Amino acid sequence: MRIAVVGIGIISAAGMGIAQTLESLRAGRSGIVPEPSHLATRHRLPVGEVARSNAELSEALGVTGTNSRTALLGMTAAAEALADAGGSRSNTALVSATSVGGMDLTECFFEEFGADDRRGRLRLAAHHDCADSTLAIARYCGVDGFTTTLSTACSSAANALMTAVRLLRHGIADRVIAGGADALCRFTLNGFRSLQILDPAPCRPFDALRAGLNLGEGAAYLVLERADEATKMPYCCLAGFANANDAYHQTASSPEGEGDYLAMRWALERAGVMPEEVDYVNAHGTGTPNNDLAEGIALRRLFGERMPLFSSTKAITGHTLAAAGAVEAVFAALMLRHGEIYPNLRFAKPDSRTKLCPVTRYRRQPLCNVLSNSFGFGGNCASLLFTRAE
Amino acid sequence: MEQIIRELKEQIVEALNLEEISPEEIDAEAPLFGDGLGLDSIDALEIILILEKNYGIRLENTAEAKPHFYSVKSLAEYIVANRQK
Amino acid sequence: MKTCCYIERFATHDALTADPKKLVPDPMLRRRMSRVVKMGVLTALECLQGERIDAIVTATGFGCLADSEKFLRNLLERDEELLTPTPFIQSTFNTIGAQVAFLCGCRGSNTTFTHRGRSFESALLEASMLLAEGSARRVLVGAADERTPSQHRVMERMGLWRGREDGEGATFLLLSRVPSSESRACLTAIDFPDEPLDKEQIAVRYVADRVLCDDYALTGCYPTASARTLVHGIEALGGSVRRVAVCNSYLDNRPSIIVVACP
């Protein structure tokens with residue numbers, strides 16, 4: 001049973017909505033800014049911040065009251081995806097991924113509660129759990145079917161898309177809105193800083209001198225339907241996918257990139273696509289020395305000398321954590337629809353161990369099979385294979 | 001030096017939650033990482049914090065500092081030579 | 001939605017028998033585990049009994065609360081400087097699933113659902129879909145949530161403990177695509193009705209001989225308590241009780257239903 005992508009929506013540092021995002025991607029314009037302007041942190045670190053305040057996001061959505069930034073970003077992107085798919089349809093499910101949920105509000109709550117547990121506005125604490133943003137999106141978009149939330153760190157949204165396919169194949173839903181949302185917050189910025197994997201300069205995925213990642217924020221959703229019942233001309237099909245575990249270490253990738261390799265190999269097997277038929281890989285490519293090396297080794301293991309074109313678009317968006325798999329799935333849909341590849345910015349010199357050189361300039365190129373990688377903490381590796389719609 | 005080695009062992013046991021090892025059981029000359037005590041990359045970050053918090057040592061280049069992280073003894077020597085507090 | 005897979009066995013945190021040091025022999029692995037991680041991982045391993053599995057699906061309503069709070073407090077108290085990374089790493093929602101995968105060498109699908117009172121039902125649905133489509137023959141599925149003083153206090157101020165006992169726990173089940181002589185139950189349905197239902201309506205709709213609703217006096221109230229109630233349901237099977245429906249309405253007036261039958 002083929003699964004079609006019939007609608008897409010996105011908000012990230014690369015732009016508000018599909019049209020603006022497409023402009024940035026084609027122009028190779030980075031959304032990374034030298035320091036955050038909406039996030040109240042003392043750190044002056046480059047981030048891929050969405051250039052809208054919570055008030056501006058709320059106003060554009062027409063919502064009032066307290067909402068986490070994750071929920072606001074999620075509502076914005078999910079509503080665009082739904083409109084792009086031609087509006088609502090009955091028996092629609094929502095599978096949403098997030099890793100921070102309402103942590104931005106919890107941080108504010110704890111500023112008072114931390115010192116005195118009788119203080120702190122409960123309204124801020126009520127949005128803490130991951131389900132909160134999903135339920136807000138479901139209400140806003142009028143989702144009438146099954147709703148759930150997934151959280152597997154940086155591979156979350158890719159896993160949400162896999163669950164979405166299952167819900168369609170098992171007839172539990174006739175349409176699924178799937179993707180993820182994560183807002184920048186002090187918790188994650190400081191968390192990644194404590195791991196010493198943030199590049200103090202704009203990130204350089206796959207470059208020999210890469211020095212870490214830049215955190216980003218955003219949300220992206222895809223509307224999926226069974227291809228034979230698709231209500232609209234699809235962007236592409238989600239033909240294969242796999243979730244594999246590195247089973248090596250909580251944060252570090254195994255030296256031979258075992259989980260990365262298995263996820264990609266199994267995704268191709270499930271789709272019935274041979275490695276040499278892959279035209280392009282959207283790499284996880286965070287820009288950390290460890291990730292890009294393990295992923296590079298896994299790519300070499302799978303493709304050998306016949307390496308397809310590839311790039312990491314995180315130099316444009318920053319690493320949007322739980323949303324990344326969906327952000328990059330939207331990019332894959334756009335690349336397949338328009339026959340083009342978006343560049344890996346700031347790459348200068350290949351890593352001598354893998355000798356991999358990504359696409360560094362926007363190029364027109366007809367594509368049939370696109371692989372998209374998302375790897376996360378806990379060895380959680382996910383790979384999605386998108387094919388051109390017939 | 002002996003004093004710093006003793007302090008360091010206690011700080012390591014506490015920061016790394018080595019609940020089942022007593023500071024005295026740590027061999028000051030044995031490797032901290034890999035085959036010795038079996039610490040990993042996250043522990044290295046915790047030890048960097050010990051140096052910064054307790055001895056005022058800020059590591060600018062962690063790759064260059066790597067040899068000093070071989071054992072408790074080499075760390076203690078590095079602290080004696082570089083401590084700011 | 002109808003399902004058809006078999007519950008081979010289960011383990012609950014309150015009935016752990018094995019020595020933690022035997023389940024996780026390496027002290028270097030035990031040392032970073034917070035209470036919820038320890039509770040979840042030990043329960044999972046006891047359920048597994050060394051058996052090979054193809055996938056792991058976990059559920060948690062709140063995730064690793066204690067570590068999240070520790071990192072958050074440090075961040076605020078130390079003004080974003082000199083933060084230790086361990087609680088941040090351990091705060092991710094998939095920590096338990098990842099640790100179990102690491103300890104049993106399971107490289108297959110590994111997913112974590114965190115959807116308030118429907119976290120466990122979501123995980124169970126995912127597991128049953130993995131089995132039905134043939135992606136896995138055996139799946140470990142489970143849930144864990146911990147109680148912390150701050151969470152207790154916040155929810156107390158919200159008035160959520162009125163008439164309820166708060167709680168925590170971990171429950172894991174080993175699911176199989178095909179039955180065996182050891183199968184404890186057949187999982188026949190997971191459902192999310194749109195409207196509130198009383199016990200009689202549930203019994204009629206799901207043709208159940210017995211209906212078990214949340215009993216927080218028994219399990220304590222936490223987002224994934226229905227996993228523990230499901231075990232009560234499985235234990236109730238036998239004799240004239242051929243089919244049991246477990247009804248969960250955690251902080252929600254719309255229930256989730258899990259139906260198990262004699263294998």
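Visitor: Would you mind going over the overall build of chain B in detail, with residue names and values included?
Guide: Across its full length, chain B carries four helices and zero strands. Counting from the amino terminus, helix and strand elements in chain B follow one another as α-α-α-α. Relative to the 2.2 N^0.38 estimate, which gives 12 Å for 85 residues, the radius of gyration of chain B is 12 Å and therefore close to what a compact globule would have. By principal-axis analysis of the C-alpha atoms, chain B measures approximately 30 × 25 × 20 Å.

Visitor: Kindly report on the layout of surface pockets, identifying the contributing residues and their values.
Guide: Residues and elements named next belong to chain A. Roughly 700 Å³ of internal volume is contained in the second largest pocket. Among the elements that take part in the lining of the second largest pocket, helix α6 (residues 130–141) stands out by supplying five residues, more than any other. For the lining of the second largest pocket, the residue count by class is 10 nonpolar, 10 polar and eight charged.

Visitor: Explain the domain arrangement of chain A to me, using residue names and the numbers behind them.
Guide: All names here are of chain A. Each domain of chain A was delimited in the assignment, giving domain 1 (3–229) and domain 2 (238–388). For domain 1 versus domain 2, the separation of C-alpha centres amounts to 21 Å. Carbon and sulfur atoms supply 69% of the area that domain 1 and domain 2 bury against each other, a total of about 4,800 Å² over both sides. Viewed at the interface, domain 2 and domain 1 are joined by three salt bridges. We note a salt bridge from E340 to R26, for which the minimum N-O separation is 3.0 Å. Here domain 1 is connected to domain 2 by 22 residue pairs in polar contact (both at pLDDT 80 or more). Elements with a minimum of two residues in the side of domain 1 that touches domain 2: β1 (3–12), α1 (17–27), α7 (156–169), β6 (175–182), α8 (186–194), β7 (215–216) and β8 (218–226).

Visitor: Give me the interface of chain A and chain C: which residues, what numbers.
Guide: The interface of chain A with chain C comprises 66 residues on the first partner and 54 residues on the second. When chain A packs against chain C, the two sides together hide about 5,100 Å² of surface, and 60% of this comes from carbon and sulfur. Summed over the three residues of chain A that lose the most area to chain C, namely A:R166, A:F187 and A:Q250, the buried surface amounts to 13% of that side. Connecting chain A to chain C are nine salt bridges. Where A:R270 meets C:E133, a salt bridge forms, and the shortest distance between an N and an O atom there is 3.9 Å. Counting every contact that joins chain A to chain C gives 28 residue pairs in polar contact (both at pLDDT 80 or more). Per-element tally for the side of chain A that touches chain C: the top contributor is α8(A), with eight residues.

Visitor: If you had to explain helix α3 (residues 69–84) of chain A to someone new, which residues and values would you point to?
Guide: Structurally, the α-helix is built with 3.6 residues per turn, so residues lying three or four positions apart point the same way. Residue and element names in this part refer to chain A. Compared with an ideal rise of 1.5 Å per residue, which puts 16 residues at 22 Å, α3 spans 23 Å between its outermost C-alpha atoms and is within 8% of the ideal. Within the sequence span of α3, burial applies to R69, T70, A71, L72, L73, G74, M75, A77, A78, A81 and L82. Of the surrounding elements, those touching the buried residues of α3 are β1, α2 (54–61), α4 (103–113), α6, β6 and β8.

Visitor: Outline the interface of chain C and chain B, supporting the account with residue identities and numerical values.
Guide: For interface size, the figure often reported is the accessible area lost on association. The interface is formed by 13 residues belonging to chain C together with 15 residues belonging to chain B. Carbon and sulfur atoms supply 52% of the area that chain C and chain B bury against each other, a total of about 1,300 Å² over both sides. One can count four salt bridges joining chain C with chain B. A salt bridge links C:R30 to B:E20, with the shortest nitrogen-to-oxygen separation between them at 2.4 Å. Counting across the chain C and chain B interface gives seven residue pairs in polar contact (both at pLDDT 80 or more). Mapped onto the side of chain C that touches chain B, the elements with two or more residues apiece are α2 (27–30) and α5 (86–90) of chain C. Residue contributions to the side of chain C that touches chain B peak at three residues, all from α2(C).

Visitor: I'd like a rundown of the nonpolar core, residues and numbers included.
Guide: Core analysis: the largest hydrophobic core is formed by 94 residues, its most contacted members being A:L224 and C:F120. Of all the elements, helix α12 (residues 324–338) of chain A adds the most residues to this core, at 10 residues. Two domains each provide a minimum of three residues to this core, namely domain 1 (3–229) and domain 2 (238–388) of chain A. When residues no more than four places from it in sequence are discounted, the contact partners of C:F120 are C:A59, C:V141, C:G142, C:A143, C:L173, C:T224, C:S226, C:A227, C:L230 and C:I258. With 60 residues, the next largest nonpolar core counts A:F110, A:C154, B:A76 and C:M28 among its residues.

Visitor: Please give an account of the packing of aromatic side chains that cites residues and values.
Guide: Per the stated rule, a full pass over the model turns up 13 aromatic pairs over all chains. Ring centres of A:F146 and C:F192 lie 5.1 Å apart, and the angle between their planes is 50°; this geometry places the pair in the tilted category. Of this pair, A:F146 sits in the loop between α6 and β5 (147–150) while C:F192 is found in the loop between β6 (185–191) and α9 (199–205), placing the two residues in two different chains. Judged by relative accessible area, which is 9%, A:F146 ranks as buried.

Parameters at a glance
Residues numbered from 1 in each chain as written. Chains lettered and ligands numbered in written order. Predicted model: local features only at pLDDT ≥ 70, side-chain atom pairs only at ≥ 80, totals over all residues. Heavy atoms only, no water. Helix = DSSP H or I, 4+ residues; strand = E, 2+ residues; numbered from the N terminus. Rg over C-alpha atoms; globule rule 2.2 N^0.38 Å. 1 Å grid on protein atoms, 1.4 Å probe; cavity = no way out; pocket = protein on both sides within 12 Å on 5 of 7 lines; lining within 4 Å. Points joined across faces, edges and corners; volume = space filled by probe spheres on them. Nonpolar A, V, L, I, M, F, W, Y, C, P; charged D, E, K, R; others polar. Domains from an automatic or database assignment. Buried area = accessible area lost by both parts, 1.4 Å probe. Salt bridge = Lys/Arg side-chain N within 4 Å of Asp/Glu carboxyl O. Polar contact = N/O pair within 3.5 Å; in protein donor to acceptor, adjacent residues only side chain to side chain. Contact = heavy atoms within 4.5 Å. Expected span 1.5 Å × (residues − 1). Buried < 20%, exposed > 50% of the residue type's maximum accessible area, 1.4 Å probe, protein only. Core = buried A, V, L, I, M, F, W, Y, C linked by side-chain atoms within 4.5 Å. Phe/Tyr/Trp six-rings, centres within 6.5 Å; stacked < 30°, edge-to-face > 60°.

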